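What the coordinates show
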Amino acid sequence: SAGAKPEKLQSELRFPLPEPLPEKPGAEIDADVIRAGKAASGMDLGAFAGTMEVYEERHAWLEKNGDPRPATSREYYYNGQEDPEEQYLTRIVMPL
């Protein structure tokens, strides 16, 4: 969000691996597993500023349907700076 402090943000890069990484205490790379399960998701086409509307719509839908507001979410960027902003495609997934 616009008021977010950079030192409070966390970014992750995820990609599939053929086998789990060995644990290395103190390493800068952490391995994690995204488990299958229920999720609320939505897509946004356009500038990244529009993703907030997707979050708000998903939260409203969850509240209406009695699901708890998720503590985390993931964003998948299908394209980016090499494309015009109006063609940016972002998927937002909120695990339940």
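Provided above is the structure to which this section pertains.
Here we summarise the structure given alongside this text. (Residues numbered from 1 in each chain as written. Predicted model: local features only at pLDDT ≥ 70, side-chain atom pairs only at ≥ 80, totals over all residues. Heavy atoms only, no water.)

In terms of helices and strands, the protein carries 1 helix and 3 strands. Scanning the protein from its N terminus toward the C terminus, one meets helices and strands in the order β-α-β-β. Contacts spanning at least 24 positions in sequence make up 53% of the contacts within the protein whose residues lie at least 6 apart. (Helix = DSSP H or I, 4+ residues; strand = E, 2+ residues; numbered from the N terminus. Contact = heavy atoms within 4.5 Å.)

Before going further, it helps to spend a moment on the sheet that holds strand E2 (residues 74-77). Across the sheet, which stays open at both edges, the 3 strands sit in the order E1-E3-E2 with antiparallel pairing between neighbours. The open sheet has two edge strands, strand E1 (39-45) and E2, and neither has a second partner. Adjacent strand axes in the sheet meet at a mean angle of 20°, parallel and antiparallel pairs treated alike. Pairing between E2 and strand E3 (residues 89-95): 4 bridges, direction antiparallel. Within E3, the position partnered with Tyr-76 by the bridge is Arg-91. (Pairing = 2+ DSSP bridges. Axes fitted to C-alpha atoms, helices over the stretch in contact; angles between N-to-C directions.)

Turning to helix H1 (residues 51-64), a few remarks are in order. A rise of 1.5 Å per residue sets the reference length of H1, with its 14 residues, at 20 Å; its end C-alpha atoms lie 20 Å apart and thus fit the reference within 8%. Within the span of H1, buried status applies to Thr-51, Val-54, Tyr-55, His-59 and Leu-62. All buried residues of H1 lie within an arc of 130° about the axis, which places them on one face of the element. Counted as exposed and oriented over 90 degrees from the buried face of H1: Glu-56, Glu-63 and Lys-64. One or two positions beyond H1, positive phi appears at Gly-66, with a value near 75°. (Expected span 1.5 Å × (residues − 1). Buried < 20%, exposed > 50% of the residue type's maximum accessible area, 1.4 Å probe, protein only. Arc of directions from axis to C-beta.)

So, about the nonpolar core. The biggest cluster of nonpolar side chains holds 6 residues, and these are Ala-40, Val-54, Tyr-55, Leu-62, Ile-92 and Met-94. Where this core is concerned, the elements lending two or more residues are H1 and E3. For this core, the element with the highest residue contribution is H1, accounting for 3 residues. (Core = buried A, V, L, I, M, F, W, Y, C linked by side-chain atoms within 4.5 Å.)

Counted under the stated rule, the structure contains 2 salt bridges. Note that Asp-67 and Lys-38 form a salt bridge whose closest N and O atoms lie 3.6 Å from each other. Of this pair, Asp-67 sits in the loop between H1 and E2 while Lys-38 sits in the segment before E1, and the two are 29 residues apart along the sequence. Linking Arg-58 and Glu-57 is a salt bridge whose minimum nitrogen-to-oxygen distance equals 3.7 Å. Residue classification places Arg-58 among the partly exposed residues on the basis of a relative accessible area of 21%. (Salt bridge = Lys/Arg side-chain N within 4 Å of Asp/Glu carboxyl O.)

Remember, this is a structural readout, not a statement about activity or role.
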